[in-house]
Amino acid sequence: MASKLSGILAAAKAEGRAALIGYLPAGFPSVDGGIRAVGALIEGGCDIVEIGLPHSDPVLDGPTIQTADDIALRGGVRIKDVLRTVQEVAAAHPAAAVLVMTYWNPVDRYGVARFAADLAAAGGAGCILPDLPVEESVEWRKAAEEHGLDTVFVVAPSSKDRRLAEVTAAGSGFVYAAAVMGVTGSRAQVGDLAEDLVARTRATTELPVCVGLGVSTREQAAQVAGFADGVIVGSAFVQRILDADGDEGAALAAVRELAGELAQGVRRS
Amino acid sequence: MSEKSENPSAGPERDHLPGTEVPDARGYFGAYGGRFIPEALVAAVEQVAEEYEKAKSDPAFAAELDALLKDYTGRPSPLTDVRRFSAEAGGARILLKREDLNHTGSHKINNVLGQALLTRRMGKTRIIAETGAGQHGVATATACALFGFDCTIYMGEVDTQRQALNVARMRMLGAEVVSVTSGSRTLKDAINEAFRDWVANVDSTHYLFGTVAGPHPFPMMVRDFHRVIGIEARQQVLDRTGRLPDAVVACVGGGSNAMGIFHEFIPDAGVRLIGCEAAGEGAETPRHAATLTKGDPGVLHGSRTYVLQDEDGQTIESHSISAGLDYPGVGPEHAWLKDTGRAEYRPVTDDAAMQALRLLSRTEGIIPAIESAHALAGALELGRELGPGATVLVSLSGRGDKDMHTAAEYFGLYDEPGAGSAHGGK
Ligand SMILES: Cc1ncc(COP(=O)(O)O)c(C=O)c1O
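Nothing here was measured: the structure is a model prediction, and the numbers come from that model. (Residues numbered from 1 in each chain as written. Chains lettered and ligands numbered in written order. Predicted model: local features only at pLDDT ≥ 70, side-chain atom pairs only at ≥ 80, totals over all residues. Heavy atoms only, no water.)

Summing up its helical and strand segments, chain B has 15 helices and 14 strands in all. Classification of the 426 residues of chain B by burial places 65% in the buried group. In chain B, once contacts between residues fewer than 6 apart in sequence are set aside, the share between residues at least 24 apart is 74%. Accessible surface computed for chain B: about 14,500 Å², of which carbon and sulfur atoms make up 51%. Computed over 42 positive and 57 negative side-chain charges, the separation of the two mean positions in chain B equals 4 Å. (Helix = DSSP H or I, 4+ residues; strand = E, 2+ residues; numbered from the N terminus. Buried < 20%, exposed > 50% of the residue type's maximum accessible area, 1.4 Å probe, protein only. Contact = heavy atoms within 4.5 Å. Areas by Shrake-Rupley, 256 points an atom, 1.4 Å probe, with all protein chains shown as cover. Lys, Arg positive; Asp, Glu negative; His and termini not counted. Charge placed at Lys NZ, Arg CZ, Asp CG, Glu CD.)

Set out below in structure tokens:
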């Protein structure tokens, strides 16, 4: 059975465009404010959303998402709040797919089977686990499969071709191709490594390949949509909320507007 | 790094304990270790592992490292009988393995020189490292000066303040020191920042990890580079006393000096191995760094090990007067030694460590690092338990120069302007 994620990506492809995937951490700027913000991403045009599980040690995140994680954790966000965010967003936006993006230790600590069960029960479509390489992922994948969750693996410009084949064989839903070597955060240019990585990845899999890391503008989205099946944007949304400086109305308007621009970008390639 | 000596005084026949051949091919010590890293680092970490395997079987590598350890570091480091200090330890005989006398002032140089040679073999030109007490940073900056590598050291802002002397040393040696202001602004966050740098610069850069933690092969490789401590010390104790010690004691932050001195003794079933963790204000308070005593298994900085964490898997900030022990994780091999019962881990408070620091200074004329003072405090306690006739080998992992500011504040050693001096302290 095709997953919800595959269905959405296939539908975008049928429309001759790339899918738009937006990221925000849960609990940022507050649990309920975060739920509204993710809702605004979808209303603005995101097909898929990734809800971040804020972590004390976000080793793969740049300063923008680190700041958001800090705000969320200082606000007391818990795993149960992340799951509630998934549940409320999924219930309010049945056409969108809701993923969780999390470092591994919170899942490990919560209990692998329990997390998979609770995420599926909340209406989540799957997980991205950026510090869980394929070799360490057997237990998680078993639990995810049992609960009908997709596991999206990340590939990087440094991944050799043989390695790409191993990674893509283990994943489902789509493949997350990191556009640059580095942590999350907006960049002036989407690296030229991205297009090559997408091509090398496609040679190993039928799965859609979506590109993230550093994408923040309509123009970049259009450029990436020219060679990838989906465009992933995170830090740029977080930055809009930080810039609104506590004014929730302004924050929601800003992320909705950005999602709208990016949605035009993915249709313009 | 000579192999076991053929010397007839090599001591009692040793049991071959099952499991001393760890880690396995995936980097696991029992349930601990492994490789929890982002895909972007997989190729680089595999390169380190492959290059290390090649280097291990290359006699030229061993010869070059041995020469550096001898002529640059000053190995073998001496073994010192500390009789006046021992008098406070219930009459047990305490022997210090003097890693404080190595060039740069701690054990850290053993691992750094090994990895510096490896960096050159890999054709990389830039080294990054984390540091807590600054000793690993100083050793790394030293090797980069010697080999001509670019060097960037990440250090938590709290630690740049309490170990300011070492910040100056690193800069004198030509390294860039980045003060890390995220999170708890200590060692954990310095490691996070070093990983972020590595992901972005992995083509040119080797991350010269400073302890027996991190993803495979670091726990194994860093241990191997420090094994020289235990290999030398075991023979020195046998030569000096005619028998093996009753116990080997070392402080444990990430656990590198402890693994280095423990490893050679693991098959000696009669020798107790005791790691001293920083208990800060007390292991029963929230302000400590006693990871093996109070933590739970989880994943931090690339490996499965004990971690100070909450119910949601968020890391809890650690606290210790000693920057080098102020870390909420620990090397996976220690987690395994704890679970198998082969080693014991004890918490030592700030106060106990500081008292031991002063005692060694005043009875032996040796000012230890605050990290090492945790092991000394553990040895005093253990000596009193074991009583006269017992021999306790202690890893004196570093010297205390860097800690004089902290010690001066703790004991009131600075002249107060306008007041008489109060050199007695607490
Ligand atoms: C003198 C000294 N001993 C011990 C340590 C702790 O490290 P490890 O537990 O890896 O030996 C440090 C770390 O900075 C140190 O400087």
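With 35 residues of chain B in contact, the opposing surface of chain A contributes 35 residues. The contact between chain B and chain A buries some 2,800 Å² in all, and 45% of this surface belongs to carbon and sulfur atoms. Together, B:Glu39, B:Arg196 and B:Asp312 form the three largest contributors to the area buried by chain B at its contact with chain A, with a combined 26%. Where chain B meets chain A, there are 7 salt bridges. Inspection of the region where chain B meets chain A yields 24 residue pairs in polar contact (both at pLDDT 80 or more). Per-element accounting of the side of chain B that touches chain A gives the leading share, 8 residues, to helix α8 (residues 187–201) of chain B. (Buried area = accessible area lost by both parts, 1.4 Å probe. Salt bridge = Lys/Arg side-chain N within 4 Å of Asp/Glu carboxyl O. Polar contact = N/O pair within 3.5 Å; in protein donor to acceptor, adjacent residues only side chain to side chain.)

Residues and elements named next belong to chain B. Confidence along chain B averages 94 in pLDDT terms, with 93% of residues attaining 70 or more. When the criterion is pLDDT under 50, residues 1–9 qualifies, and its contacts beyond four places in sequence or with other chains add up to 16 contacts. Scored as a complex, the prediction yields pTM 0.95 and ipTM 0.96. (pLDDT = per-residue confidence, 0-100.)

Here we come to the sheet that holds strand β8 (residues 209–212) of chain A. Residues and elements named next belong to chain A. Here we have 9 strands laid out as an open sheet, ordered β5-β4-β3-β2-β1-β9-β8-β7-β6, and parallel in their pairing. Single-partner strands in this sheet number two, and they are β5 (150–152) and β6 (154–155). The pairing of strand β1 (residues 19–25) with strand β2 (residues 48–52) spans 5 bridges and is parallel. Within β2, the residue paired with Ile21 across the bridge is Ile48. The strands touched by helix α1 (residues 4–14) are β1, β2, β3 (97–101), β5 and β8; relative to β3, the strand with the most contacts, the crossing angle is about 120 degrees. (Pairing = 2+ DSSP bridges. Axes fitted to C-alpha atoms, helices over the stretch in contact; angles between N-to-C directions.)

Counted by the stated rule, this structure contains 14 aromatic pairs over all chains. Their ring planes at 55 degrees and their centres at 5.8 Å tell us that B:Phe209 and B:Phe218 sit as a pair that is tilted. Under the relative-accessibility criterion, B:Phe209 is labelled buried at 1%. For B:Phe218, a relative accessible area of 1% translates into the label buried. Across from the ring centre of A:Tyr110, 3.7 Å away, lies the NZ or CZ of A:Arg114, which sits over that ring. (Phe/Tyr/Trp six-rings, centres within 6.5 Å; stacked < 30°, edge-to-face > 60°. Lys NZ or Arg CZ within 6 Å of the ring centre and 35° of its normal.)

Quick look at the site of the ligand now. All names here are of chain B. Around the ligand lies a shell of 18 residues, among which Thr211, Gly253, Gly255, Ser256 and Ser397 are the nearest. Thr211 has a polar side-chain atom sitting 2.6 Å from an oxygen atom of the ligand. At a separation of 2.7 Å, an oxygen atom of the ligand approaches a polar side-chain atom of Ser256. Starting from 390 Å² of accessible surface for the ligand in isolation, the protein chains cover 97%. A class-by-class count of the residues in the shell around the ligand yields 5 nonpolar, 11 polar and 2 charged. (Near = heavy atom within 4 Å. Nonpolar A, V, L, I, M, F, W, Y, C, P; charged D, E, K, R; others polar.)

So, about the packing of helix α2 (residues 31–44) of chain A against helix α12 (residues 248–266) of chain A. Residues and elements named next belong to chain A. Relative orientation of the contacting elements α2 and α12 amounts to 30 degrees, with a least axis distance of 7 Å. By the angle between their axes, α2 is roughly parallel relative to α12. Read as a crossing pair, α2 and α12 show a hand that is right-handed. Contacts from Gly33, Arg36, Ala37, Ala40, Leu41, Glu43 and Gly44 of α2 reach α12 at Glu248, Leu252, Val255, Arg256, Ala259, Gly260 and Ala263. Counted by class, the contact of α2 with α12 contains 7 nonpolar, 3 polar and 4 charged residues. (Parallel < 35°, antiparallel > 145°, perpendicular 65-115°, else oblique. Left-handed = near helix turned anticlockwise from the far one by under 90°.)

Further remarks concern the pattern of salt bridges. Residue and element names in this part refer to chain B. Tallied over the full model, the rule gives 51 salt bridges over all chains. For Arg234, the salt bridge goes to Asp268, with nearest N and O atoms at 2.8 Å. Pair noted here: Arg234 is in helix α9 (residues 218–241) and Asp268 is in the loop between α10 (256–262) and β10 (272–280), with a separation of 34 residues, a long-range link. Side by side, Arg234 and Asp268 carry an identical accessibility label, which is buried.

A separate point is the packing of helix α4 (residues 108–121) of chain B against helix α5 (residues 135–147) of chain B. Residues and elements named next belong to chain B. The geometry of α4 relative to α5 is characterised by a closest axis approach of 9 Å and an angle of 40 degrees between their N-to-C directions. Relative to α5, α4 is oriented oblique. As for how α4 packs across α5, the hand of that crossing is right-handed. Residues Lys108, Ile109, Asn111, Val112, Leu113, Ala116, Leu117 and Arg120 of α4 pack against Gln135, His136, Ala139, Thr140, Ala143, Leu146 and Phe147 of α5. Classifying every residue of the contact of α4 with α5 gives 9 nonpolar, 4 polar and 2 charged.

Attention shifts here to the side chain of B:Asp326. Residues and elements named next belong to chain B. Counting through the fold element by element, Asp326 comes out in the loop between β12 (303–307) and α12 (332–340). Classification of Asp326 as buried rests on a relative accessible area of 3%. Here the side chain of Asp326 touches Arg162 through a polar contact of 2.8 Å, side chain to side chain. Among the polar contacts listed, one links the side chain of Asp326 to the backbone nitrogen of His319, at a separation of 3.3 Å.

Here the focus is the sheet that holds strand β8 (residues 205–207) of chain B. Residues and elements named next belong to chain B. On the basis of which strands lie adjacent, the open sheet formed by 4 strands has the order β7-β6-β5-β8 and parallel pairing. Lying at the two open borders of the sheet, with one neighbouring strand each, are β7 (176–180) and β8. Taken pair by pair, the neighbouring strands of this sheet meet at an average axis angle of 20 degrees, ignoring direction. Note: strand β5 (residues 126–131) against strand β6 (residues 150–156), 6 bridges, orientation parallel. When the sheet's bridge partners are listed, Ile127 is paired in β6 with Cys151.

What follows deals with the nonpolar core. Core analysis: the largest hydrophobic core is formed by 106 residues, its most contacted members being A:Phe115, A:Trp140, A:Phe174 and A:Phe237. With 8 residues, α12(A) is the single largest residue contributor to this core. Not counting residues within four places of it along the chain, the set of residues in contact with A:Trp140 comprises A:Trp104, A:Val107, A:Val112, A:Phe115, A:Ala116, A:Cys127, A:Leu129, A:Leu132, A:Leu149 and A:Thr151. Among the nonpolar cores identified, the runner-up in size contains 63 residues, and B:Ile37, B:Leu41, B:Leu65 and B:Val199 belong to it. (Core = buried A, V, L, I, M, F, W, Y, C linked by side-chain atoms within 4.5 Å.)

A few words now on the environment of B:Asp339. Residues and elements named next belong to chain B. Take Asp339: it is sitting in helix α12. Those residues in contact with Asp339 that sit more than four places away from it in its chain are Tyr32 and Tyr306. Within the structure, Asp339 has its side chain in polar contact with the side chain of Tyr32 (distance 2.5 Å).

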